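Descriptive analysis of the structure
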Amino acid sequence: MTKAEQETSALMSTATETPATTVQAVEAAHVLQTYKRQPVVLVRGEGVWLIGDDGRRYLDLLSGIGVNVLGHGHPALVAAVREQVGELVHTSNLFFHPWQGPLAEKLTRASGLERAFFCNSGAEAVEGCLKFARRFWYTAGTPRPQFIAFERGFSGRTMGALSTTWDEHYRTPFGPLVPEVRFVSNDDPDDLLSAVSEQTAAILAEPIQGEGGVRPLPPQIVAAINKACGSTGALYIADEVQSGLGRTGHLFHFEALGLCPDLISVGKALGAGVPIGAVLVSERVAANISAGDHGTTYGGNPLACRAALAVMDTLEHGLLEHVRRVGPIFAAGLRELASRHAMVVDVRGAGLMQGLVLDRDAAPVVPAALERGLIVNRTAERVVRMLPPYIISEAEIAEALSRLDAALTAVQGA
Ligand SMILES: Cc1ncc(COP(=O)(O)O)c(C=O)c1O
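What you see is a predicted model; the values in this text were computed from it and never measured.

Looking at the overall build of the protein chain
- For the protein chain, the count of helices and strands is 15 helices and 17 strands.
- At 22 Å, the protein chain has a C-alpha radius of gyration in line with the 22 Å of a compact globule built from 414 residues.
- Along the first, second and third principal axes, the C-alpha set of the protein chain runs to 60 × 55 × 45 Å.
- Contacts spanning at least 24 positions in sequence make up 72% of the contacts within the protein chain whose residues lie at least 6 apart.

Overview of the sheet that holds strand β1 (residues 42-46)
- With mixed pairing, the 4 strands of this open sheet are ordered in space as β1-β2-β3-β15. Each edge of the sheet is formed by a strand with only one pairing partner; in this case those strands are β1 and β15 (374-375).
- By the bridge criterion, 2 bridges tie strand β3 (residues 57-60) to β15 in an arrangement that is parallel. Paired with D60 across the two strands is I375, which belongs to β15.

Quick word on the site of the ligand
- Inspection of the region around the ligand gives 14 residues, with G122, A123, G156, V241 and Q242 positioned closest.
- Per-element tally for the shell around the ligand: the top contributor is helix α6 (residues 122-140), with 3 residues.
- When grouped by side-chain class, the residues that make up the shell around the ligand number 4 nonpolar, 7 polar and 3 charged.

Thoughts on the pairing of strand β11 (residues 263-266)
- Alternating positions in β11 separate into two faces, L263 and S265 on one and I264 and V266 on the other, with burial throughout.
- Sheet analysis places β11 next to strand β12 (residues 277-281), joined by 4 bridges and oriented antiparallel. By the bridge assignment for β12, I264 is matched with L280.

Comments concerning the confidence of the model for the protein chain
- Here the protein chain averages 95 in pLDDT, and 96% of its residues register 70 or above.
- Note on residues 11-15: pLDDT is under 50 here. Beyond four places in sequence and across chains, it has 4 contacts.

So, how was this worked out
- Residues numbered from 1 in each chain as written.
- Predicted model: local features only at pLDDT ≥ 70, side-chain atom pairs only at ≥ 80, totals over all residues.
- Helix = DSSP H or I, 4+ residues; strand = E, 2+ residues; numbered from the N terminus.
- Rg over C-alpha atoms; globule rule 2.2 N^0.38 Å.
- Contact = placed C-beta atoms within 7 Å.
- Pairing = 2+ DSSP bridges.
- Near = placed C-beta within 6 Å.
- Nonpolar A, V, L, I, M, F, W, Y, C, P; charged D, E, K, R; others polar.
- Buried ≥ 20, exposed ≤ 12 C-beta atoms within 10 Å, placed from the backbone.
- pLDDT = per-residue confidence, 0-100.

Given below as structure tokens:
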């Protein structure tokens, strides 16, 4: 054993009463430092609450960045995963298993697109959309090299998904990326209309930009996407990784905007914490995809599909209705809060995907909220982003708003 291994082993042997500082020291020594974590060690979750190793309770308005839509420890998810772990976890895609087909059926019914391909994350889902769009045009005999994406858009961190991610800070160190991606303004439709041509394989847009600062796609851009696709044949990819599967009170937010995607990327909410993503494609696109064109070892394995089926069932049996009811209550509460805090200049979003736009850097709000037992996130510098679990109750919303109120007051006064 090396000295470092001995130290780690000594630290790990005290794992049952591991103090936060020890957990942080082991990570600092061995984990690639790509994340700036909050100084909290979370060990358990109950509903909308997360519990730290010191017993402190945090009201979770972030859901692991839009993932834990059933909250923590939801009985339907626990039962499905427990049962499936005991039966069969993984098969590879070389065999059939009973759960992938039914999940594909639910997702295709919900979206109106005809076929599903399963993967393991949001970035992989976007990657799949980009590949399938290229394959569509290649099979059609008229290959199209170009993709159009939007300023402030975020698609993930793999090479393809990074290529349609706007922020230079994420992209520049990793170039060269996929060529022929053009970014257009997310409020000037003429910019989009002049960029799209018969060389455009697809236009990719999040119905509400998440990482870009909770920015709903404006109606004039929606109209321009529909017009550009109609006149050039370009496909439309709806990146619903953050806005999809009930988050805004719609199963998919593109429906609310009047968009007609040929491909949809899904992730985050789909497994409620069990990693799974999906690409949904229209029959027209599917007809141009052949066996062997794309694949993944894990994608759509029995465990992930059982978890996702539990999420879809729960959504169908009242949870989507619940989001439709509490989403506007949450938004109204945030608007009321904004009216009392001069530094809040806007409230943006839909349903349980909301952002408070500040007149300054929102970073100090995160620790101020954490101190008050509330988990929120800052994105796009000036935006406090909230993506609560769908199960959040009216009383929990009121509690969260009161803690956020106190955090904003502390930041304003600092
Ligand atoms: C719209 C959108 N697309 C893709 C991704 C990438 O998903 P993942 O982090 O699961 O790879 C994200 C993640 O935040 C996202 O918000």
